[in-house]
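Chain residues, written in single-letter form:
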Amino acid sequence: MTAREGEVLRGPRSVIKRGDAAFPPLLERVASPPKELFVIGCPDVLFRPALAVVGARKATPYGKGCARRFARLASLRGICIVSGGARGCDAEAHRAALEAGGPTVAFLGGGCDRVYPPENIALFQRIVESGGAVASEREWGFPPVPYAFRARNRLIAGISQATLIVEAGLPSGTFSTADEALAVGAEVLAVPGSITSASSRGANRLIAQGATPIVDDESFLDALLGVYGCLRQETADAGCALGAGESQALQGRRPEGAHGGPALSARDGGAAPEPLLAALSAEPIGMERLCALAETFAPAGEDAWSWLSVRIAELEATGLVRRYPDGKLGPAVDPLV
Amino acid sequence: MYGRCSVLGATLRGVKAVPVDVEVAVSSGLPGFSIVGMADASVQESRERVRAALRASGFQMPSDKIVVNLAPSSLRKTGSGLDLPIAVALLAATGQIDPEVVKDRLFVGELSLEGFLRPVAGSLAFALCARELSCSLVCAEGSEIVAVDGLEQLGLRFLGGMRQARDLLRIVPPRAREAAFDLDFRDVAGHDVAKRALQIAAAGNHGVLMMGPPGSGKTMLASRLPSLLPPLTEQEKLETALIHSVAGETIAPILSGQRPFRKPHHSASLAGLVGGGSPIRPGEISLAHNGVLFLDELSEFKGSVLQGIRQPMETGEVRLTRADGSVSFPARFMLVAASNPCPCGHLGDEEHECTCTLPQIRMYQGRIGGPLMDRIDLHLDVQRIAPGEVMATGTGTSSETLREEVLRAREYADWRLRHDGAAESEEARSNRAPSGIVKSCHLSANDAAFLESAAKTHGMSGRAIMRTLSVARTIADMGESLDVGKAHLCEALGFRVREGVGS
């Protein structure tokens, strides 16, 4: 997993000075624009319309699933996905863009020869090889010191027309990226979470403060339309590459057996989801509490405990619900994998 | 005061007391007192105690050449229990007491310098040894006495009592009281899922791993597990009490039918856990024989130590081999382990933020249990319960109610095994043999397919599937059902050892 000693990224390297023609103009608007940019990979991607997808490093499966889902949707529409290459949500966003075949840019805190986190070096190499870029305002060998990461957040927010917050606690680095986006006047989008979940408190607060809530695929596509002007119809073109089930899902119909995210399927408008699934979609719940809930959810005449075990085993088997490392059960928002 | 005499004593080897002939010869020569016959330091020291005790009790210590021979001389003798037979043999040899009173009696006891007797560890082992030799046992009055059929046990308070040795006081063992558990599940509020899991484990003798943040009640739950198990049978009582007696631990709770609950600290050494030392002492796994071994903070135990208890768990006994021979201790116990979910312990805790990174959590969970993981069938996540529920203590389901179901399930399983014509072997009893498990489950084609798909989703290994089936079989036994149905299977799946834990 960890990078071997001395392993560095391979690929074309360039140093872009401020004032060069190759210097991305959007970065001129950030507070104290960088004097130089150190880039491995294709520097042209820095000029493409970009969406920053950022979220917590210690992400829940919910946050990671959302990062993956929306990064992919945007990437399919030709939008460059910008993120920080960190563990958790960031890495998921990069991966989703790579899988969708779109360009993606990782802004590092340290220099490009001191990648952090080290276990993501293979991911960075893939980013470079697939026509994306790994960039930093620091010298190649600059160490990954904490203050550098805060500083690079302004670049991530600055170079993107919009910033999507998939999961943010309060306070957090992710939240500071949203502040940077507001400072440069970029659009801020946020994915809401349960109000009881600490890992979504920041994102929810942003929505209360006026960020655009992303409550389903449709609202996300609307936001993209507003910011980038991509038409909704483009979905169909991009959708050619998708599986049949997936493009159906994108058009708002839910195919049988598709692993649709339960929390995000409100637009289905069909039968209300069963209460157990709805409860689990809202937040992760431990077995003891589920057991109490089952008393009210179980159909009359059935033993609540065996009804609960059967339902959970079935939901787990179909991939709608997942057991987290802390033993709680919660939504497996992982629809587009 | 010349003469010679031979008296019966005994020394411990493992959980057995081996008879030792204590021969004393008092003859002319340079005055002295020597002990021969592979006596270790503790026995050599008894010379001083015997000399002082004899004088203090008003007897005379002969000023001649005294030789004590312990036979068989090839056996290494240890322990202060030989003080009394040496002193008595000396008294009989010099005619200070009637040589007739030492006949057909086995003497065990340590002497104080004032001539009083002190009890020694292993009184039960000595009692069994005396019964085998059909003699009566003479020991210190304060010894822990167990009623042993066909054995006369005599108590001696001080060495001077040997003057009237013909009418030594018979000691009557206290009647064992019925098992009364101090720890009852009634005191545990909430935790219904955990109780259910422990009930299943108790019914099927499954190993349990409990995972949860500190203070969530793992230890509280585990320490009450013995109250779910059926009371010890007479045979089991004797086996278990014997080990505890040899180790010098109190045996009264065992005699009342309570199963032992052992909770070694995670710094325990291999010798402390499986037994060892010189003289060889039973380890924690043997002290947990017929009871529960609770390994708290499983991930903190050394891998080599856990590896050491793996083999005894399979065979139900531990055989310790030393240069002077091997000793075996029984070690059939139920394993309960507990662990934090992450290095800081607070993952999944509603009240504390966890400060660990995902790779840290993964590495930590992967390290849990190590070589012991394939002995663990049930995984239980213990969550901190709400403060309001904590206050409701005393209202939980009581151990008695839970135990009744356990007993019924065990009875049903016995009946089912006879019904299926399966061999009444220990292996079949614990649902271990793979072919046996699959056969005994009578899964329908649909359920088998469901298990297969679940196994695929969760990436379960073959062994994990077998463990799930064996737990499902126990759950079906609790429902007194001959076939394992979907509900049983699903419940077992819910208690499966999660992927990524311990691998």
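Computed from a prediction, not measured in an experiment: that's the story for all the values here.

A. The pairing of strand S18 (residues 334–339) of chain B, seen in detail. All names here are of chain B. Summarising burial for S18: six of the six residues are buried, a large majority. On S18, burial covers both faces: Met 334, Val 336 and Ala 338 on one face and Leu 335, Ala 337 and Ser 339 on the other are all buried. One ladder, built from four bridges, connects strand S11 (residues 208–211) with S18; its direction is parallel. Residue pairing for S18: Leu 209 is matched across the bridge by Ala 337. Bridging between strand S15 (residues 292–295) and S18 involves four bridges; their strand directions are parallel. Within S18, the residue paired with Phe 294 across the bridge is Val 336.

B. Region of interest: the interface of chain A and chain B. Contact residues are listed per partner, giving 22 residues for chain A and 30 residues for chain B. Summing both sides of the interface, chain A and chain B together bury roughly 2200 Å²; the carbon and sulfur share of this comes to 58%. It is A:Lys58, A:Glu288 and A:Trp305 that lose the most area in chain A upon contact with chain B, and together they represent 27% of the buried surface on that side. Where chain A touches chain B, the interface holds two salt bridges. The tally of links between chain A and chain B comes to 11 residue pairs in polar contact (both at pLDDT 80 or more). With eight residues, helix H12 (residues 304–318) of chain A is the single largest residue contributor to the side of chain A that touches chain B. Residues belonging to the side of chain A that touches chain B are distributed by class as follows: eight nonpolar, four polar and 10 charged.

C. Here's a closer look at the sheet that holds S11(B). All names here are of chain B. The five strands lie next to each other as S12-S15-S18-S11-S19, forming an open sheet whose pairing is parallel. If you trace the sheet from one side to the other, it starts and ends with strand S12 (261–262) and strand S19 (378–381), each paired once. Pairing of S11 with S19 involves four bridges; the strand directions are parallel. Paired with Met 211 across the bridge in S19 is Asp 381.

Rules and cut-offs
- Residues numbered from 1 in each chain as written.
- Chains lettered and ligands numbered in written order.
- Predicted model: local features only at pLDDT ≥ 70, side-chain atom pairs only at ≥ 80, totals over all residues.
- Heavy atoms only, no water.
- Buried < 20%, exposed > 50% of the residue type's maximum accessible area, 1.4 Å probe, protein only.
- Helix = DSSP H or I, 4+ residues; strand = E, 2+ residues; numbered from the N terminus.
- Pairing = 2+ DSSP bridges.
- Contact = heavy atoms within 4.5 Å.
- Buried area = accessible area lost by both parts, 1.4 Å probe.
- Salt bridge = Lys/Arg side-chain N within 4 Å of Asp/Glu carboxyl O.
- Polar contact = N/O pair within 3.5 Å; in protein donor to acceptor, adjacent residues only side chain to side chain.
- Nonpolar A, V, L, I, M, F, W, Y, C, P; charged D, E, K, R; others polar.

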